[in-house]
Amino acid sequence: MGVDPSKFSSNLMKQCKRFVDQENVLFAQTENISERTPLEILMQSYNCLIESKDQGLIGSSTACIIVFNRESKILYSANLGDSGFVVIRNNKIVFRSQEQYHYFNAPFQLALLPSMNNEENLFSDKPQSADVRSFQLVEGDLIVLATDGLWDNLSESHLLLKTSNIRDFYVEDMQQAAKNIASFATELSQDPNYMSPFAISARKNGINFKGGKPDDITVLLARVSKS
C-alpha cells in the first residue's frame, strides 16, 4: 500500500488548531502568551498524533508555529526544519527564522514512522528541538510564513519586490497577494536555468545544480494593524 505524505502534515496542523480552539479562553488572556506558547502547541499536537498510533498517518513534516501577543506586539515562534517566516518592515527584512538541517537538503522534521527495524536513514526529531524565538513587532509590519518550497525558489529580493506591490491590506487583497507570491515561486521552481536559492545552497555544498526546486508551496500573509 502507498503512503499519502500529506496526511501527517495536515493532521498535525489540525491538531494544532484543535489545541488552540480548546485553550481559547487561556490564549485570550495575553499574560498567558509567552515564548514557550508556540512550542507547547507543537508538542501537544505532535504527542496527540503519536498517541493515536494511526498507521494511516505515517509520514513526516517540518513545522512553524507563530503566536502574536496583541498587547505587547511581540511575535513568538517555534520553527523546526526549513519552513519559516520573515518580518518585513519598510520594505526590508528585519527578521528571518532560523532553518535547521541535519545536512544539506535534510531538514529537521517531526515524523510518525512505520514499524520497521531499519530506521537509521529516517529522521524523527523532537518538537523540543525547534528553534524558539521572540521578536518585537510594530504597526505596519508584514509577516510572510511559508513552506520550504517558497524559500528554495524565491530570493529575498524577489519576495520584497512582490510584497512592495501590495497596495491594500484587506483580507481579500492579502489572500490574492499570497496566491501571487506562491504562483511566482511555482513558476521559478520549474525553470531549469534559474539560479534559485536552493541551487546556490547546493553549490555551496559541492553539488553542481542549476534550476528551481519543484515542491509544494504554501504561503500565508499577515500584517500588524490596529484592532
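Residues numbered from 1 in each chain as written. Predicted model: local features only at pLDDT ≥ 70, side-chain atom pairs only at ≥ 80, totals over all residues. Heavy atoms only, no water.

Things to note about the overall build of the protein
Of regular secondary structure, the protein possesses seven helices and 11 strands. C-alpha atoms of the protein, sized along the principal axes, occupy 55 × 50 × 30 Å. Split into buried and exposed, the 227 residues of the protein put 42% on the buried side. In the protein, of all internal contacts separated by at least 6 residues, the share reaching a separation of at least 24 is 68%. Of the accessible surface of the protein, which amounts to about 12,800 Å², a share of 48% is contributed by carbon and sulfur atoms. (Helix = DSSP H or I, 4+ residues; strand = E, 2+ residues; numbered from the N terminus. Buried < 20%, exposed > 50% of the residue type's maximum accessible area, 1.4 Å probe, protein only. Contact = heavy atoms within 4.5 Å. Areas by Shrake-Rupley, 256 points an atom, 1.4 Å probe, with all protein chains shown as cover.)

Section: the pattern of salt bridges
By the definition in use, this model includes eight salt bridges. For R96, the salt bridge identified is with E99, shortest N-O distance 3.8 Å. When its relative accessible area of 29% is taken as the criterion, E99 is described as partly exposed. Between D152 and K213 there is a salt bridge, with its nearest N and O atoms 3.7 Å apart. Placement of the pair is D152 in the loop between α4 (148-151) and α5 (156-163) and K213 in the loop between α7 (197-204) and β11 (219-223), with a sequence separation of 61 residues. Each member of the pair, D152 together with K213, is buried. Taken together, the shared-partner salt bridges connect R96, E99 and E156 into one network. (Salt bridge = Lys/Arg side-chain N within 4 Å of Asp/Glu carboxyl O.)

Quick word on the packing of aromatic side chains
The tally for this structure, following the rule as stated, stands at five aromatic pairs. An angle of 35 degrees between the planes, with centres 5.3 Å apart, marks the rings of F104 and F198 as tilted. Here the residue F104 occupies a position in the loop between β6 (101-103) and β7 (106-107), and F198 occupies one in helix α7, the gap between them amounting to 94 residues. The partly exposed category is assigned to F104, whose relative accessible area is 22%. In this structure F198 comes out as buried when scored by relative accessible area, which is 9%. Taken together, the aromatic side chains of F85, F95 and F135 make up a single cluster linked through ring pairs. Across the ring face of F169, the terminal group of R223 is positioned such that the distance to the ring centre comes to 4.0 Å. (Phe/Tyr/Trp six-rings, centres within 6.5 Å; stacked < 30°, edge-to-face > 60°. Lys NZ or Arg CZ within 6 Å of the ring centre and 35° of its normal.)

What to know about the sheet that holds β11
On the basis of which strands lie adjacent, the open sheet formed by four strands has the order β5-β4-β10-β11 and antiparallel pairing. Both edges of this open sheet fall to β5 (92-96) and β11, since each of them pairs with a single strand only. Neighbour to neighbour, the strand axes of the sheet diverge by 25 degrees on average, direction disregarded. With five bridges joining them, strand β4 (residues 84-89) and strand β10 (residues 142-146) adopt antiparallel strand pairing. Along β10, the bridge assignment pairs V87 with I143. Where helix α6 (residues 171-189) meets the sheet, it contacts β10 and β11, and its direction lies at approximately 140 degrees from that of β11. (Pairing = 2+ DSSP bridges. Axes fitted to C-alpha atoms, helices over the stretch in contact; angles between N-to-C directions.)

Describing the environment of Q55
Relative to the elements of secondary structure, Q55 occurs in the loop between α3 (37-52) and β1 (59-61). For Q55, a relative accessible area of 43% puts it in the partly exposed group. Through-space distance from the C-alpha of Q55 to that of N205 is 36 Å; in sequence the pair is 150 residues apart.

Notes on the nonpolar core
If you look at the biggest cluster of nonpolar residues, it comprises 23 residues, and the most contacted ones within it are F8, L12, I41, L42, L110 and A130. Of all the elements in the fold, those that place two or more residues in this core are α1 (6-22), α3, β2 (63-69), β3 (74-80) and β8 (110-112). It is α3 that provides the largest number of residues to this core, a total of six residues. If we ignore the near neighbours within four places in the chain, the residues touching L110 are F8, L12, L42, Y46, G59, S60, S61, L80, D125, K126 and P127. If you look at the next biggest cluster of nonpolar residues, it comprises 22 residues, including I88, L150, I166 and L221. (Core = buried A, V, L, I, M, F, W, Y, C linked by side-chain atoms within 4.5 Å.)

Some points on unusual backbone geometry
Only a minority of non-glycine residues have a phi that is not negative, and only a minority of peptide bonds are not trans. Its identity as a non-glycine residue notwithstanding, N90 has a phi of 55 degrees, on the positive side. Locating N90 in the fold gives a position in the loop between β4 and β5. Looking at N90, the relative accessible area reads 73%, which means it is exposed. Although it is not a glycine, N105 sits at a positive phi angle of roughly 65 degrees. Since its relative accessible area comes to 41%, N105 is described here as partly exposed.

Keep in mind these numbers describe shape, not what the thing actually does.
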